[in-house]
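# Notes for the structure review
Each chain, written out:
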Amino acid sequence: MDVVIKVNNQSNGRDKLARLIQYTSRLVWHQLEIRHANKYSVDRIKNLELTLSSFRKILRLGRCIDTCYNALNSMHIEDPILRLTLTISKLANGLFLYADHIVWLTKSGFLKTDSDKWNRTANKFWLLSIIANLARDLYEILHLLELHKSRFLKPSELLNTSIRNYDWTGGIKYLYMFMSCHNDVFIDTLKNSCDIFIPLTALGLTKLSPSTVGALGAVSSIAALVTVVKPITKLIPA
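Naming follows an unreviewed UniProt entry, where the protein appears as Peroxisomal membrane protein 11B of Arctia plantaginis. Regarding the protein, the relevant UniProt record gives this comment under Subcellular location (unreviewed entry): "Peroxisome membrane".

Here it is in structure tokens:
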């Protein structure tokens, strides 16, 4: 119960929880549709997904300003790779949120614009933000592997007969310990790896079913909720 209260007390937590239900709804209605379930039931779950999507857009209203302002702080990070990837990610995310605001205002009848065009623009900026995040994740992983390179089997050793004498059990245990100690990197990588297929599919660059997109969105939402419940698992600097 404490976890629910902690999540619900934060706007970011409510957004991530709504996102989890939103993408789970997409998974459920598509599975019901495949099984030729009652159309009324399918439509109700589709409406739930749309309602949660609109709710999240309202929660994020105005956040594009905060995100772009935070990009200024990222420009002072000493590490050049982190400075570049985080600044690009924040700027792209801010522009994604701005375009998303236009889409919501258009669909609400407040503006008269081409919502489909703005929706594609939003997904392009979202995709750019995720690519920058994944580049940062790769950089963090390579850095960790460099620090622990003495404990992992090198590719060149695969051709060496000494591979038979390698302590596989100890290696697996160490890998588990390694991931546990650096779960912030792996949670962030998992989240971004799942997220990237959502804008790719929306832009028509990949052809994933609504069920697959729903499952990927649900997994990334759970990963994001973990960082809300346990801030120590959030990758810093963010």
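Now that the structure has been shown, we can carry on.
### Considerations on the overall build of the protein
The helix and strand tally for the protein stands at 10 helices and 0 strands. Start at the N end of the protein and walk to the C end: the helices and strands fall as α-α-α-α-α-α-α-α-α-α. Residues classed as buried in the protein amount to 37% of the 238 residues present. In the protein, of all internal contacts separated by at least 6 residues, the share reaching a separation of at least 24 is 72%.

### Here we look at a nonpolar patch on the surface
A contiguous nonpolar patch, built from L17, I21 and L48 and spanning about 220 Å² of accessible area, is present on the exposed surface. With respect to the helices, strands and loops of the structure, L48 is situated in helix α3 (residues 39–59).

### Remarks on the pattern of salt bridges
Enumeration over the complete set of coordinates arrives at 9 salt bridges. With its nearest N and O atoms 2.8 Å apart, the salt bridge here joins D15 to R56. Taken together, the positions of D15 in helix α2 (residues 11–34) and R56 in helix α3 put the pair 41 residues apart, joining distant regions of the chain. Neither D15 nor R56 differs from the other in exposure class; each is buried. In this structure, a network of salt bridges that share partners links the residues D15, K16 and R56.

### Some words on the nonpolar core
Counting 14 residues, the largest nonpolar core has Y23, F96, W126, L127, I196 and I198 as the members making the most contacts within it. At the level of secondary structure, the elements contributing two or more residues to this core comprise α5 (80–107), α6 (115–147) and α9 (197–202). For this core, the element with the highest residue contribution is α6, accounting for 4 residues.

### What about the packing of aromatic side chains?
Scanning the entire structure with this criterion turns up 2 aromatic pairs. Taken together, a centroid distance of 5.5 Å and an interplanar angle of 25° make the contact between F96 and W126 stacked. Note that F96 is positioned in helix α5 and W126 in helix α6, a separation of 30 residues in sequence. Take F96 and W126: they sit in the same class, and that class is buried.

### Observations regarding unusual backbone geometry
Cis geometry is found at the peptide bond from I236 to P237, where omega equals -5°. Residue placement: P237 occurs in the segment after α10 (210–229). For H36, which is not a glycine, the phi torsion comes out positive at approximately 55°. Exposure remark for H36: the relative accessible area of 71% places this residue in the exposed category.

### Structural notes on the environment of S211
If you trace the backbone, S211 turns up in helix α10. The buried category is assigned to S211, whose relative accessible area is 7%. With 188 residues separating them along the chain, S211 and Y23 place their C-alpha atoms 8.8 Å apart. In contact with S211, not counting residues within four places along its chain, are L27, H30, Q31 and I34. At 2.5 Å, the side chain of S211 forms a polar contact with the side chain of H30.

Analysis parameters
Residues numbered from 1 in each chain as written. Predicted model: local features only at pLDDT ≥ 70, side-chain atom pairs only at ≥ 80, totals over all residues. Heavy atoms only, no water. UniProt positions renumbered as here; feature names shortened; annotations may be inferred. Helix = DSSP H or I, 4+ residues; strand = E, 2+ residues; numbered from the N terminus. Buried < 20%, exposed > 50% of the residue type's maximum accessible area, 1.4 Å probe, protein only. Contact = heavy atoms within 4.5 Å. Patch = residues over 30% accessible without salt bridge, like charges linked within 9 Å, V, L, I, M, F, W, Y side chains within 5 Å. Areas by Shrake-Rupley, 256 points an atom, 1.4 Å probe, with all protein chains shown as cover. Salt bridge = Lys/Arg side-chain N within 4 Å of Asp/Glu carboxyl O. Core = buried A, V, L, I, M, F, W, Y, C linked by side-chain atoms within 4.5 Å. Phe/Tyr/Trp six-rings, centres within 6.5 Å; stacked < 30°, edge-to-face > 60°. Polar contact = N/O pair within 3.5 Å; in protein donor to acceptor, adjacent residues only side chain to side chain.

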